[in-house]
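# Working through the structure, step by step
Chain residues, written in single-letter form:
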Amino acid sequence: MRVYVVHYSEIALKGKNRSYFEKKLVRNIKNKIKDIETPEIRREYGRIVIESDNPEIRRILEKTPGIKYSALAIMTDLEMDEIVRAAIDVSPNSGTFRVETKRGFKEFPLNSVEVNRIVGEEILKRKSLRVDLKNPEKTIYIEISNRNAYVYSERIDGIGGLPVGVSGRVICLLSGGIDSPVSAFMAMKRGAEVVAVHFFNSTIHSPAVRRKIHDIAKRLSEFHRIKLYMVPFREIQLEIIRCIPSDHRMVVYRRSMMRMASMIAEKEKAEGIFTGDNLGQVASQTLANMSVIYSASKHPVFAPLIGLDKEEIVELAKRIGTYEISIQPYEDCCSLLVSKHPVTNASLEDVERMEEMCSLKEDRAVGNAEVFEYG
Ligand code: ATP
Ligand code: MG
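Residues numbered from 1 in each chain as written. Chains lettered and ligands numbered in written order. Predicted model: local features only at pLDDT ≥ 70, side-chain atom pairs only at ≥ 80, totals over all residues. Heavy atoms only, no water.

### Focus on the site of ligand 1
Heads up, the rule is: Residue proximity to a molecule or strand is established when one non-hydrogen atom of the residue lies within 4 Å of it. By the criterion applied in these results, polar contacts are pairs of N or O atoms within 3.5 Å in which, for protein atoms, one can donate a hydrogen and the other can accept it, and in which residues neighboring in sequence qualify only through two side-chain atoms. With residues, only the protein chains shown are counted as cover, and all accessible areas are computed by Shrake-Rupley using a 1.4 Å probe. Elements are defined by DSSP. Helices are runs of H or I of four residues or more, strands are runs of E of two residues or more, and each kind is numbered from the N terminus. Charged means Asp, Glu, Lys or Arg here, nonpolar means Ala, Val, Leu, Ile, Met, Phe, Trp, Tyr, Cys or Pro, and polar covers whatever is left, Gly included.
By nearness alone, 20 residues border ligand 1, and Ser175, Asp179, Ser180, Arg254 and Gln281 come closest of all. In this structure, an oxygen atom belonging to ligand 1 sits 2.5 Å away from a side-chain N or O atom of serine 175. For ligand 1, an oxygen atom lies 2.7 Å from a polar atom in the side chain of aspartate 179. With the chains in place, 92% of the 570 Å² that ligand 1 exposes on its own is no longer accessible. Of all the secondary structure elements, the ones that give two or more residues to the shell around ligand 1 are helix H5 (179-189), strand S11 (193-200) and helix H8 (246-268). Partitioned by chemical class, the residues of the shell around ligand 1 number eight nonpolar, nine polar and three charged.

Here it is, written out as structure tokens:
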């Protein structure tokens, strides 16, 4: 019988939390495959076993945070002749190989070196292969747990990280650009549940742009389900244009977004705000401006891409599948009526004084947000 065996990343290192982490990962996998099928899934001696060989499950495991690698394996009883038969089954017909046994279950009568030797010899009797311990073309993996052995020769890479949920919940400010979806992915990869928030101006945003945000959210939900808030920004934007000089508008737009993100964080019991900011990329991303912008939030603000180069971000965006969506044309609400020479070293005092002249209906905008769920 073929089953998926799943190996997690750092979970094993987390001491007492281990069982909590494993349960989260099992629950996340169950949730993601429930529309395909509902096979038995169990934790077994440091791995997760899924009693199914459905190829659609493979694609899900490749995109589930917390999984280091998985494999479609032949499951056998703890009998050497069965293990040998399975190993012959998964071994290639030519080239070089080695056998690598992991024996978690120490009461198994043979140790891993002995299993390697016996299985290797049996394979050599039947196939014209050569053993190469250093640099084999194929490795035959044998895992021995307390109830079964698992035999396979192909590892399916995962994305690593931690199971979503073990790090709490964060708000991710999602624009239509390349960076912010990558930042949201980073949050999920490190185990945080994501509530995405997008601010849109209904008069300058075409329906295509709204669809684009939904497409990005949907793509991100392949990693883990996410919630999306669409917050109307038009009235606030008009008020900012009325009361703030053009060279300070970008900073005030962003501060207003931060205050609203913080309100949503409170509502959603999220503990931080993630942005796609990147040091020095655009005028609003000087250290001085980011500090004035972030101070509008009551919650800590994190920018996981802060030290990456654009090419590095683009590469990540391509890998997670958001790049193609992000490069579609996009009307950025924040470019509306901002100065060609925005301040690069805004002072909090000045900005706060300017904001006193405005009446920003941020509560109302958050109250009018549309909320969607993906995944
Ligand atoms: P991105 O590619 O994510 O748009 P960027 O490098 O182009 O990032 P900006 O457009 O200046 O930088 O935006 C900085 C960050 O502010 C974004 O990464 C995003 O987190 C947030 N942000 C900007 N515009 C919006 C918006 N309309 N709604 C929600 N968040 C936004
Ligand atoms: Mg942008």
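### Points about the packing of aromatic side chains
Put simply, the rule is: Here a pair means two rings of Phe, Tyr or Trp (six-membered ring of Trp) with centres within 6.5 Å. Their orientation is stacked below 30 degrees between planes, edge-to-face above 60, and tilted elsewhere. Buried means the residue's accessible area, taken with a 1.4 Å probe over protein chains only, is under 20% of the maximum for its type, while exposed means over 50%, and partly exposed covers the values in between. Note on geometry: a ring has a charge over it if NZ (lysine) or CZ (arginine) is within 6 Å of the ring centre and within 35 degrees of the ring normal.
Tallied over the entire structure, the rule returns seven aromatic pairs. On the numbers, 6.1 Å between centres and 75° between planes, the contact of phenylalanine 233 with tyrosine 253 is edge-to-face. In this pair, phenylalanine 233 sits in the loop between strand S12 (226-232) and helix H7 (234-243) while tyrosine 253 sits in helix H8, placing the two residues 20 residues apart along the sequence. Judged by relative accessible area, tyrosine 253 falls into the buried class, the value being 0%. One aromatic cluster in this structure is built from Phe199, Phe233 and Tyr253. Residue placement shows arginine 155 over the ring face of tyrosine 69; its charged tip is 3.9 Å from the ring centre. Just above the ring of tyrosine 323 sits the side chain of lysine 318; from NZ or CZ to the centre is 5.0 Å.

### Looking at unusual backbone geometry
Located in the positive-phi region is tyrosine 45, a residue other than glycine, with phi close to 55°. The residue tyrosine 45 is located in the loop between strand S2 (41-43) and strand S3 (48-50) in this model. The phi torsion at lysine 269 lies on the positive side, around 55°, for a residue other than glycine.

### Notes on the pairing of strand S4 (residues 67-76)
Note the threshold: Think of it this way: DSSP has to see at least two bridges between two strands before they count as a pair.
Most of S4 is tucked away, with eight of its 10 residues classed as buried. Pairing geometry for strand S1 (residues 2-8) and S4, over seven bridges, is antiparallel. Each bridged residue has a counterpart across the sheet, and for valine 3 the counterpart in S4 is alanine 73. Inspection of the sheet shows S4 paired to strand S9 (residues 156-160) by three bridges, in the antiparallel sense. Counterpart to isoleucine 67 in the pairing with S9 is glycine 160. Taken together, the three bridges between S4 and strand S8 (residues 149-152) define a ladder with antiparallel strand orientation. Note on S8: the bridge partner recorded for threonine 76 is alanine 149.

### Looking at the nonpolar core
This is how the line gets drawn: Only buried Ala, Val, Leu, Ile, Met, Phe, Trp, Tyr and Cys residues count toward a nonpolar core, and they belong to the same one when joined by side-chain atoms within 4.5 Å. Note on contacts: a residue pair is in contact if any heavy atoms of the two residues lie within 4.5 Å.
Ranked by internal contacts, the top residues of the largest apolar core, which has 42 residues, are Ile171, Val197, Phe199, Val231, Phe233, Met258 and Met260. Those elements that place two or more of their residues in this core are strand S10 (169-173), S11, S12, H7, H8, helix H9 (287-294), helix H12 (348-355) and helix H13 (362-367). With near-sequence residues (within four places) excluded, methionine 260 lies in contact with Phe199, Val231, Phe233, Ile236, Glu362, Ala365 and Val366. In terms of nonpolar packing, the next biggest core, distinct from the first, is built from 32 residues, Phe185, Ile216, Ala217 and Ile320 among them.

### Focus: the side chain of serine 256
Residue position: serine 256 is located in helix H8. Residue contacts for serine 256: discarding those within four places in its chain leaves Phe233, Ile236, Ile240, Leu360 and Glu362.

### Things to note about the sheet that holds strand S14 (residues 301-302)
Short version of the rule: Between N-to-C directions, angles span 0 to 180 degrees; the directions come from axes that are lines fitted to C-alpha atoms, helices contributing only their stretch in contact.
The sheet built from six strands is open, its strands ordered S14-S13-S10-S11-S12-S15 with mixed pairing. Each end of this open sheet is capped by a strand with a single partner; those strands are S14 and strand S15 (370-374). Set on the sheet, helix H6 (residues 207-220) makes contact with S11, S12 and S15; between it and S12 the angle comes to about 160°.

In short, the description is geometric, and any link to function would need to be established separately.
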